[in-house]
Amino acid sequence: MNTQLTLITPTAPMSAAVHGERAKCLQRLIRLDMPVPVTVALPFDAVRDIAQGRMPDMAALIAPFGDRPLLSVRPSSLDPDWGGPGAILNIGMNARRLAQMKETVGARAATALYLRFVQSYAIHVARLDPDAFDLPDVADEASLHTMLDIYETETDEPFPQDPAVQLAEVLRSMARAWEGTTARLLRQAKGAPADAGLGLVVQAMALGVGPGECGSGVIQYVDETTGLRQIKGRYLGQSQGREALGDVEGAIYLTRDDRGPSLEEHCPATFAQLVAYGDLCRRNLREEMQVEFTIEDGHMHILDAVRVQRNSRASVRIAVALAEDGIIPREEALMRVEPAALSELLHRQVDPRAKRDLIVRGIAASPGAAAGRIVLTAADAQASAARGEPCVLVRRETTPEDIRGMHAAQAVLTMRGGVTSHAAVIGRGLGVPCVVGASELSIDRKNGKIIAPDGRRFAAGDVITVDGTTGQVIVGEPPMLEAALDDAFKTLLHWADDVRDIGVRANADTPADAQTARNFEAEGIGLCRTEHMFFEGDRLGVMREMIFAESSDDRRAVLDRLLPMQRADFQALFGIMAGKSVCVRLFDPPLHEFLPSDKQGLRDLAEQLALPLADVTDRVDALSEYNPMLGMRGVRLGIAIPEIYDMQAQAIFEAMAAVGKAGTDISVEIMIPLVSAMREVELVKGRVDAVANAVRAKTKSTLDYHLGVMVETPRAALRAQDIAEHAEFLSFGTNDLTQMTYGLSRDDAGRFMSAYVQQGVYAEDPFHTLDIEGVGELIAIGAERGRLGRPDVVLSICGEHAGSRVAIEFCRAHGFDYVSCSPFRVPVARLTAAQSALQDRQDDENWSGL
Ligand code: PEP
Ligand code: MG
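Residues numbered from 1 in each chain as written. Chains lettered and ligands numbered in written order. Predicted model: local features only at pLDDT ≥ 70, side-chain atom pairs only at ≥ 80, totals over all residues. Heavy atoms only, no water.

Before going further, it helps to examine the packing of aromatic side chains. Per the stated rule, a full pass over the model turns up 17 aromatic pairs. Ring geometry for Phe587 and Phe594: centres 5.4 Å apart, planes at 25°, overall stacked. Here the two residues Phe587 and Phe594 agree in accessibility, since each one is buried. Aromatic rings pair up to connect Tyr114, Phe117, Tyr121, Tyr151 and Phe159 into one cluster. Across the ring face of Trp178, the terminal group of Arg187 is positioned such that the distance to the ring centre comes to 3.7 Å. (Phe/Tyr/Trp six-rings, centres within 6.5 Å; stacked < 30°, edge-to-face > 60°. Buried < 20%, exposed > 50% of the residue type's maximum accessible area, 1.4 Å probe, protein only. Lys NZ or Arg CZ within 6 Å of the ring centre and 35° of its normal.)

Next up, the structure:
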């Protein structure tokens, strides 16, 4: 046989990289002695030639199929998920074959086959209008003539009768379809390389129609949504291909079923054979396969087997079950699950089969889907929650004042902001589905409505669904799939923990977050943003009083009222995280974030403080800054108004003493934000140590703790050596570090980011994908210099990038101790870290094997 054509036999030289996955799989089935009809494979190169008009030796191709060939052609790319042209069956049908088959399978069945072939040839090969080639209700001579006449009228040629010509045209049309722009873009979106090839397999038809038991069906041995072992599929007598799966009358179940007849009852021996083939496939192909079969006069043929398409939940369970049954190693199970799939599992999802009436699309900022009534203010969200009515909080953008509303809402939608905007960060932290930057949506505040890009208006109270996994906002409430933290999921992650070599902690601010972190088996808290605690309950009022205090003593007096609340927060957090490490970051945001911005809020505040409105307004104005993110925040506040950090340190140490007395073991780390100079660390450390000594004396506790620095200004990275002399750990805050390295506002960059990415100025949004070249270089410099200052300095990153593959690979490469990400990303990070370690091992083995 011509070198470009391979008759598939058990020993023929074949590989998926040359002939595609389907061809390779058919060879495996043949090796397993399954009754596969004669099949010839065309490699990628041959199909590329065909697309260019260089046909293979057609006589050689058709020879193995005898002198009256009846054939099918199917696509065979490297990855079946990349798509490809649909199968074409019954190539070789012509007038002579029809006459002969009328004798063997009967006039009706033979005519129906010919009609179907003319139809698919006309539509897919000659590319004629499908509407002109509807199949008739009755497959008779007259309708066949009509269809052949239409073909001839449309093409000015009679329907080709030579099987070799028919086959050549089918091959040419499939080869060209693969090269088309749409097909190329679709497969590239699924990860195919630009030069991905297509192979083709030409197979003798097993008829499925005729005398005796004839028919076709499809069987799989697993449920594609749960991943549980279960026989599924249909069989249809007198049919071909995948017809049984369509909405057709007469298709029967495979296993015994109360709802109707089954193949198990109808043809028990055939059914038993199919079940045995399923086990063979699973053991030898090391995968859950869907098998296409045909019965021809009682004899079974296996035509094809493809990997069962599956959702995320099923992919986890299938990988774990294959490893538990000893079919694949655990390492392979770990590599088979897409980490992003896990994050889908942790949240409810819109059922992929559901119809979606799209309102608008924004940035997918926090995964999962939730439905609720539209509310336009945080207060309405709380009121809605109090009534027990699920709601979706829709805001232009959220501010810290909205936090309680976000807590109360099922989902959040904003028009502005990117993946590190307030709404996005808080949404991920709370596990609340969130879409941000839906800039095509507008709010008609006066009439309490939101307006979709197509002009549709939705009023407060209307139900919408926010799909934070895809970034879509949908009308009403489509059917959902529930989150599933099943055993398979846990097992897979424990295997990941055995393999990975970098720690995974969670960013958690509240006891609820900490509980989520614990549930997802984070190794500790890597970032507790304490300021969020001050927005809770009646603390905001006290906080505002503190801001308005005239003197240090007054401030201290107000802070004394916050102290027990902070202590209780830490006590709860430490209790939940017993046995683990908790890294508490001292107060970070500018104070004005705690002050009202609207008139009514200012009036309420004046009333609360018993001050004239003008005084309050003056004070608020005085605190306002042109550029607050670069202003009085972080350690700068800690130095200018040290009472806040003093109070926080006291609360932390007293909570440690209290839980310690109750027998809870906890390792506490205190982190200073926004450091840019070593002296800042010295000053804060001096005060924190003094507070610790005072609490030690008062409580008679030892109170061991670690003090470290958040490296989030470029200067801190550059000066890491002398900073590390005063800091036991350095945690890189990549949100601010990205903002300051680029000089790019994390809250405003969304406005031009898509133009920048589209025009290739930035390869990706650097707030979304860690910029290895620039920000990464600063982190690498910081890590290296930090180690010079303190060889055993503990290194980590805690910005929003931390759970991503890019960041995890970077941190592993630079010997970091851990990454800390949103609690809901912890499982994803655990699996990603394991896959990264396994990939390195694999690369090392390949290298040493060279
Ligand atoms: C950071 O800047 O990376 C960080 C984690 O802190 P925040 O997002 O609170 O500024
Ligand atoms: Mg920061």
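Still to come is the rest of the account.
On to the site of ligand 1, then. The local shell around ligand 1 holds 14 residues, among which Arg529, Glu712, Gly733, Asn735 and Arg746 are the closest. In this structure, Arg529 approaches ligand 1 through a side-chain N or O atom, which is 2.7 Å from an oxygen atom. One nitrogen or oxygen atom from the main chain of Asn735 is found 2.7 Å from an oxygen atom belonging to ligand 1. Out of a free accessible area of 290 Å², ligand 1 has 95% covered by protein chains. Counting residues per element, the ones that place at least two in the shell around ligand 1 are strand 25 (524-529) and helix 29 (734-742). In terms of residue count, the dominant contributor to the shell around ligand 1 is helix 29 (three residues). (Near = heavy atom within 4 Å. Polar contact = N/O pair within 3.5 Å; in protein donor to acceptor, adjacent residues only side chain to side chain. Areas by Shrake-Rupley, 256 points an atom, 1.4 Å probe, with all protein chains shown as cover. Helix = DSSP H or I, 4+ residues; strand = E, 2+ residues; numbered from the N terminus.)

Looking now at the nonpolar core. Among the nonpolar cores identified, the biggest contains 145 residues, and Phe574, Phe653 and Leu730 are the most heavily contacted of them. The greatest single-element share of this core, amounting to eleven residues, is contributed by helix 25 (residues 643-661). The residue makeup of this core includes at least three contributed by each of domain 3 (351-481) and domain 4 (501-590 + 625-669 + 677-708). Those residues in contact with Leu730 that lie beyond four places of it in its chain are Val709, Val711, Ala720, Ile723, Ala724, Gly782, Gly786, Val793, Val794, Leu795 and Ser796. (Core = buried A, V, L, I, M, F, W, Y, C linked by side-chain atoms within 4.5 Å. Domains from an automatic or database assignment. Contact = heavy atoms within 4.5 Å.)

A few words on the coordination of the magnesium ion (ligand 2). Four donors placed tetrahedrally about a metal ideally form angles of 109.5 degrees, and six donors placed octahedrally ideally form angles of 90 or 180 degrees. Every protein donor of the magnesium ion (ligand 2) is listed here as Glu712 (OE) and Asp736 (OD), and their distances to the metal cover 2.0 to 2.1 Å. Placement of Glu712 in the loop between strand 28 (705-711) and helix 27 (714-718) and of Asp736 in helix 29 is noted, with a sequence separation of 24 residues between them. There is no split in this pair, since Glu712 and Asp736 are both buried. (Donors = N, O, S within 2.8 Å, 3.2 Å for Na, K, Ca; no water.)

In the structure shown here, the tally under the stated rule is 57 salt bridges. For Asp444, the salt bridge identified is with Arg457, shortest N-O distance 3.3 Å. Here the residue Asp444 occupies a position in strand 18 (residues 442-444), and Arg457 occupies one in strand 20 (residues 457-459), the gap between them amounting to 13 residues. By relative accessible area, Arg457 is classed as partly exposed at 48%. Asp736 is paired through a salt bridge with Arg633; the nearest N and O atoms lie 3.0 Å apart. Highlighted residues: Asp736 in helix 29 and Arg633 in the loop between helix 23 (613-623) and helix 24 (635-640), separated in sequence by 103 residues. Bridged by salt links that share partners, the residues Arg286, Glu287, Arg307, Arg310, Glu332 and Arg336 form one connected network. (Salt bridge = Lys/Arg side-chain N within 4 Å of Asp/Glu carboxyl O.)

The next subject is the sheet that holds strand 12 (residues 358-361). In spatial order, the strands read 12-22-21-14-15-16-17-13; together these eight strands make up an open sheet with mixed pairing. Two strands close off the open sheet at either side, each with one partner strand: strand 12 and strand 13 (363-366). Pairwise comparison of adjacent strand axes, ignoring direction, gives a mean angle of 30° for this sheet. Pairing analysis gives two bridges linking strand 16 (residues 411-414) to strand 17 (residues 434-436), with the strands arranged parallel. Paired with Val412 across the bridge in strand 17 is Cys434. (Pairing = 2+ DSSP bridges. Axes fitted to C-alpha atoms, helices over the stretch in contact; angles between N-to-C directions.)

Read these as spatial facts, not as claims about activity.
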